[in-house]
Amino acid sequence: MAATPVLAGKVALVTGAGRGLGEQIVRTLAAEGMRVAAADLNLEAAQRVADEAGVEGSVLPLALDVGDHAATDAALAQTVKQFGGLDVLVNNAGTDLTAPIGEIGPRDWQRILATNLSGPFYLARGAQPLIAARGGGHIVNIVSTAAKRAWPNAAAYHASKWGLLGLSYALHAELREQRIRVVALIAGGMRTPFLLDRFPDLDLAKLQDPADVARVLPFLLTLP
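Fair warning: this is a prediction, and the values are worked out from it, not measured in the lab. (Residues numbered from 1 in each chain as written. Predicted model: local features only at pLDDT ≥ 70, side-chain atom pairs only at ≥ 80, totals over all residues. Heavy atoms only, no water.)

Caption draft 1: Structural context of the overall build of the chain. Across its full length, the chain carries 8 helices and 6 strands. Ordered by position from N to C terminus, the α and β elements of the chain give β-α-β-α-β-α-β-α-β-α-β-α-α-α. Taking 17 Å as the expected radius of gyration for a compact globule of 224 residues, we find that the chain reaches 17 Å, a close match to that expectation. Principal axes of the C-alpha set define a box for the chain whose edges measure 50 × 35 × 30 Å. Counting over 224 residues, the chain shows a buried share of 47%. Looking at the chain as shown, the accessible area adds up to about 10,800 Å², and 55% of this sits on carbon and sulfur atoms. Positive and negative charge centroids in the chain, built from 20 and 21 side chains respectively, lie 6 Å apart. (Helix = DSSP H or I, 4+ residues; strand = E, 2+ residues; numbered from the N terminus. Rg over C-alpha atoms; globule rule 2.2 N^0.38 Å. Buried < 20%, exposed > 50% of the residue type's maximum accessible area, 1.4 Å probe, protein only. Areas by Shrake-Rupley, 256 points an atom, 1.4 Å probe, with all protein chains shown as cover. Lys, Arg positive; Asp, Glu negative; His and termini not counted. Charge placed at Lys NZ, Arg CZ, Asp CG, Glu CD.)

And the structure:
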């Protein structure tokens, strides 16, 4: 794939980058000539993606727990130190627990909201001045159809994703004058470990290839 001139050399930070959709987003942006910080809770997985996705030095692997606000600040600082700035933030990291509400304890509730909602807030808050300093850029929040409808045994996940959609609207309204475009990408089920590790009997034919979803990113980042 030839690099898109408007994207070549731009800098992105992608969370949840060690596998699934996050890995495919890193691969797609690196192929467009972007420099990418690939952040994941599992540093070994992030390192593998970095080794495979880009030319040497174009993808920076980072260990990151997005629910830790000090860690998000450190990841942003490492990205700027390595690449000189930040143009794009992709909040992709997510987690879930399939259980009825009576079995979701406070620790699980807090863990899911910390990853799916607090993390994107911490990163957007820290990324805003960095992106603004470059004259504008993008924040892309990977949401879910779970922000548009509901099913049983996913109360914490639904709450976090509906919250992330609301946060996206709020950031869009607040940051547009700084030329920071905020996009909520609502993707349906994909053939990723996020689903298949928990539901191995799913019909693969009804799930998307995450590489196809990742191909939306260059389109979003080059809209006029």
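After that view of the structure, there is still more to cover.
Caption draft 2: Broad picture of the sheet that holds strand S6 (residues 180-185). If you trace the 6 strands from one edge of the open sheet to the other, you get S3-S2-S1-S4-S5-S6, paired in parallel fashion. Where the open sheet ends on each side, the last strands, each with one partner, are strand S3 (59-63) and S6. Pairwise comparison of adjacent strand axes, ignoring direction, gives a mean angle of 15° for this sheet. Inspection of the sheet shows strand S1 (residues 11-15) paired to strand S4 (residues 88-91) by 3 bridges, in the parallel sense. Looking at the pairing, valine 14 lines up with valine 90 of S4. Most of the contacts of helix H2 (residues 43-53) go to S3, to which it runs at about 175°, and overall it touches strand S2 (35-40) and S3. Relative to S6, helix H5 (residues 155-175) is tilted by about 160°, and along the sheet it contacts strand S5 (137-142) and S6. (Pairing = 2+ DSSP bridges. Axes fitted to C-alpha atoms, helices over the stretch in contact; angles between N-to-C directions. Contact = heavy atoms within 4.5 Å.)

Caption draft 3: Structural context of helix H3 (residues 69-83). For H3, built from 15 residues, the straight-helix expectation of 21 Å at 1.5 Å per residue is met to within 8% by its first-to-last C-alpha distance of 21 Å. For H3, the complete set of buried residues consists of Thr72, Ala75, Leu76, Thr79 and Phe83. Down the axis, H3 shows its buried residues gathered within 95° of arc, on one side only. In this structure, the buried side of H3 is in contact with S1, S2, S3 and helix H4 (106-133). Among the residues of H3, the N-terminal cap falls to aspartate 68, whose side-chain oxygen and the backbone nitrogen of alanine 70 are separated by 3.0 Å. Phi for glycine 84, located one or two positions after H3, is positive at around 90°. (Expected span 1.5 Å × (residues − 1). Arc of directions from axis to C-beta. Polar contact = N/O pair within 3.5 Å; in protein donor to acceptor, adjacent residues only side chain to side chain.)

Caption draft 4: Expanded view of the packing of H3 against H4. Closest axis-to-axis distance for the H3/H4 pair is 9 Å, and the angle between their directions is 30°. Note on packing geometry: the crossing formed by H3 with H4 is right-handed. Contacts between H3 and H4 pair His69, Thr72, Leu76 and Val80 from the former with Tyr122, Leu123, Arg125, Gly126, Ala127 and Leu130 from the latter. Tallied by class, the residues present in the contact of H3 with H4 amount to 6 nonpolar, 3 polar and 1 charged. (Left-handed = near helix turned anticlockwise from the far one by under 90°. Nonpolar A, V, L, I, M, F, W, Y, C, P; charged D, E, K, R; others polar.)

Caption draft 5: Main features of the environment of alanine 70. You can see alanine 70 is positioned in helix H3. By relative accessible area, which is 46% here, alanine 70 ends up partly exposed. Taking the C-alpha atoms as reference points, alanine 70 and tyrosine 122, separated by 52 residues in sequence, lie 8.9 Å from one another.

Caption draft 6: Focus on the environment of threonine 28. Secondary-structure assignment places threonine 28 in helix H1 (residues 20-31). Judged by relative accessible area, threonine 28 falls into the buried class, the value being 10%. Residues contacting threonine 28, with those up to four places away along its chain left out, are Ala214, Arg215 and Pro218.

None of the figures reported here should be taken as evidence of function without further support.
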